[in-house]
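The primary structure of each chain is shown beneath.
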Amino acid sequence: VRDFERNGLGLTLARREEVQNLRTQMDKLSMEYIKNLNDDCTFLVFTKTDLDGLPSEFLQSLGRADDGSFKVQLRSNIVSPIFEHCKVGRTRRKLASEYGQRCKEVNMPVLETLVQLRHKLARLLGYKNYADYAVEFRMAKTSTRVIDFLEEISVSLADFASRELTVLKDLKNKEEGDSPFGVEDLLYYIKRAEEKEFDIDFGSLKQYFPLNLVLDGFFKIIQDTLGLRFDEISDAVVWHSDVQMYSVSDSSSSESLGYAYFDLYSREGKYGQSCFMSLQNGSLSSSGARQVPVALLISSFHKEVGGQPGLLRFSEVVNLFHEFGHVVHHLCNRSSFVRFSGLRVDPDFMEIPSQVFESWCFESSILKLMSGFHQDITRTIRDDICTSLKKWQHSFAALKLRQEILYSLFDQVVHSDDNVDFLELFKYLHSKIMLGLPILDGMNPASCFPHSAIGYQATCYGRLWSKVFAADVFASKFHDGLLNKCIGLQFRSKVLAPGGAKNPTESLSDFLGREPSIQAFVDNIVSSNSS
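Since this is a predicted model, take the numbers as computed values, not measurements.

### Structural notes on the overall build of the chain
Scanning the chain from terminus to terminus reveals 24 helices and ten strands. Since a compact globule built from 531 residues should have a radius of gyration of about 24 Å, the 25 Å found for the chain is in line with a globular shape. Put simply, the chain has 531 residues, and 53% of those count as buried. In the chain, of all internal contacts separated by at least 6 residues, the share reaching a separation of at least 24 is 72%. A total accessible area of about 24500 Å² is found for the chain, and carbon and sulfur atoms account for 49% of it. Here the chain contributes 60 positive and 69 negative side-chain charges, whose respective centroids are spaced 1 Å apart.

Here it is in structure tokens:
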């Protein structure tokens, strides 16, 4: 009934038609905003000297102007390496300014109209503003709570972010002299500082993560901690010979809990990212019989070739564990109704279990369970590398978070108030959140902020929300007992099993023995700054 009411049930026919018309206009404008960004072919021209620090293979991938200079198209996959590796400050500054004002002339009026229509829709449905409509049935409940959450984290980490910024300013002073530090310098000097502090060769590190060993480690962790057993079905009927199918059961009772398909290898025409998909949700029939859930995990890893196993980058290991988390969550959900089963849960809560799974990847004992040199798997990853990875996890985290807080606050404020001047709001928030670093001349990031246009409007805070409370779960329960089955079974029964049928704050509070807190998240970052 609630979902129907949020779509206009209870309104007069004329009002319902107005709601539908507003949704149609909003969908059209959202797509227009995204299309403008996708169709934008703007590029800047730089000489080889301007791009000093970029590897030759990257330069070779760029287009060329008539005079032999390099064309840099304003696409994230092209500009990100430049922000991280280019030694020339004026290049980073020019690129950041232009990248931050893409589609300014066409997308600003689109987003402004879009936000106005969202507010109008929310008021037709009985809400004060669109943010309250979007957040009402999420863990946060109100827009005020979201803003308080973001500002509490910002304030809690302000001193540590300032210390991190001082380190970067000192690095720039040594490398470039007295030129002022700007937002365009953040990624470059964070990269330099991390290279100086951590002796981690991520290219070589992948030799310790053969895919089959990572999978074996995952299955052992899940069985030892959550009591889930994965057994491959060798004669399963599948859509491609690379696909593996597993039956999943309770390791104590042998009760069937569901099935999982793993389609992990790349092939032509296949979707190229790692993701989870639900093929069937669990539920109870009217007779009381349980329909078991079926999960699909997709990735695009390289297969073993010539006796050389497929090797994973560490970032791929972390991402794979994240998606494993969704698979396990889907299989462990014991809700009686399809409406609340699988991952049909509060969006603020949905990523929390997967973020907990990610945390395992930075613990030494877990890393050793799923690693081994590909030519001699008895050689697990070294202790010093494990220690470095743990520290690297939170390296400059307080400073990195501030841009996410900035954009999340912007998104929340424009969807909470009328007649907001987007540029002035960004300037104000930028100076406040980014520790006084000014916004670059000409920048207007609202014109190139797709999350606020489609998919995450008024809910951009959600990713940070899940990270914060996942950190609380992990630090409070798993950190000192990584493979503690008693704790794992409680997590399975109290957090994963209820699904969308129970208020997620109640589920987490039941598991933690108190309400969720931001303190563990803050402490993790503080301790990394202090060590």
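From this point on, the discussion continues.
### Thoughts on the sheet that holds strand S2 (residues 63-64)
An order of S1-S3-S2 is seen for the three strands of this open sheet, with the pairing classed as antiparallel. The open sheet terminates on both sides in strands that have one partner only, identified here as strand S1 (43-46) and S2. Pairing of S1 with strand S3 (residues 70-73) involves four bridges; the strand directions are antiparallel. Its bridge partner being in S3, phenylalanine 46 is matched across the sheet by phenylalanine 70. Across the face of the sheet, helix H5 (residues 89-99) comes into contact with S1 and S3 while running at roughly 170° to S1.

### Here's the deal with helix H23 (residues 504-512)
The complete set of buried residues in H23 reads Pro504, Ser507, Leu508, Ser509, Phe511 and Leu512. Elements in contact with the buried residues of H23: helix H14 (347-350), helix H15 (352-360), helix H21 (462-478) and helix H22 (485-496). For H23, the N-terminal cap is asparagine 503; the gap from its side-chain oxygen to the backbone nitrogen of threonine 505 is 2.8 Å. Where H23 ends, the next residue or the one after it, glycine 513, has phi of about 80°, a positive value.

### Structural notes on the packing of aromatic side chains
Applying the stated criterion across every chain yields a total of 38 aromatic pairs. On the basis of an interplanar angle of 50° and a centroid distance of 5.5 Å, the ring pair of tyrosine 130 and tyrosine 133 is categorised as tilted. Of the two residues, tyrosine 130 and tyrosine 133 are both situated in helix H7 (residues 130-135); the distance of three residues between them amounts to about one turn of the helix. Of the two residues examined, tyrosine 130 and tyrosine 133, each falls in the buried class. Ring pairing ties together the aromatic residues Phe218, Phe219, Phe230, Tyr246, Phe262, Phe321 and Phe324, which thus form one cluster. Taking NZ or CZ as reference, arginine 92 lies 4.4 Å from the ring centre of tyrosine 188, over its face. Geometry around tyrosine 265 places lysine 303 over its ring, the cationic atom sitting 6.0 Å from the centre.

Reading guide: rules and limits
- Residues numbered from 1 in each chain as written.
- Predicted model: local features only at pLDDT ≥ 70, side-chain atom pairs only at ≥ 80, totals over all residues.
- Heavy atoms only, no water.
- Helix = DSSP H or I, 4+ residues; strand = E, 2+ residues; numbered from the N terminus.
- Rg over C-alpha atoms; globule rule 2.2 N^0.38 Å.
- Buried < 20%, exposed > 50% of the residue type's maximum accessible area, 1.4 Å probe, protein only.
- Contact = heavy atoms within 4.5 Å.
- Areas by Shrake-Rupley, 256 points an atom, 1.4 Å probe, with all protein chains shown as cover.
- Lys, Arg positive; Asp, Glu negative; His and termini not counted.
- Charge placed at Lys NZ, Arg CZ, Asp CG, Glu CD.
- Pairing = 2+ DSSP bridges.
- Axes fitted to C-alpha atoms, helices over the stretch in contact; angles between N-to-C directions.
- Polar contact = N/O pair within 3.5 Å; in protein donor to acceptor, adjacent residues only side chain to side chain.
- Phe/Tyr/Trp six-rings, centres within 6.5 Å; stacked < 30°, edge-to-face > 60°.
- Lys NZ or Arg CZ within 6 Å of the ring centre and 35° of its normal.

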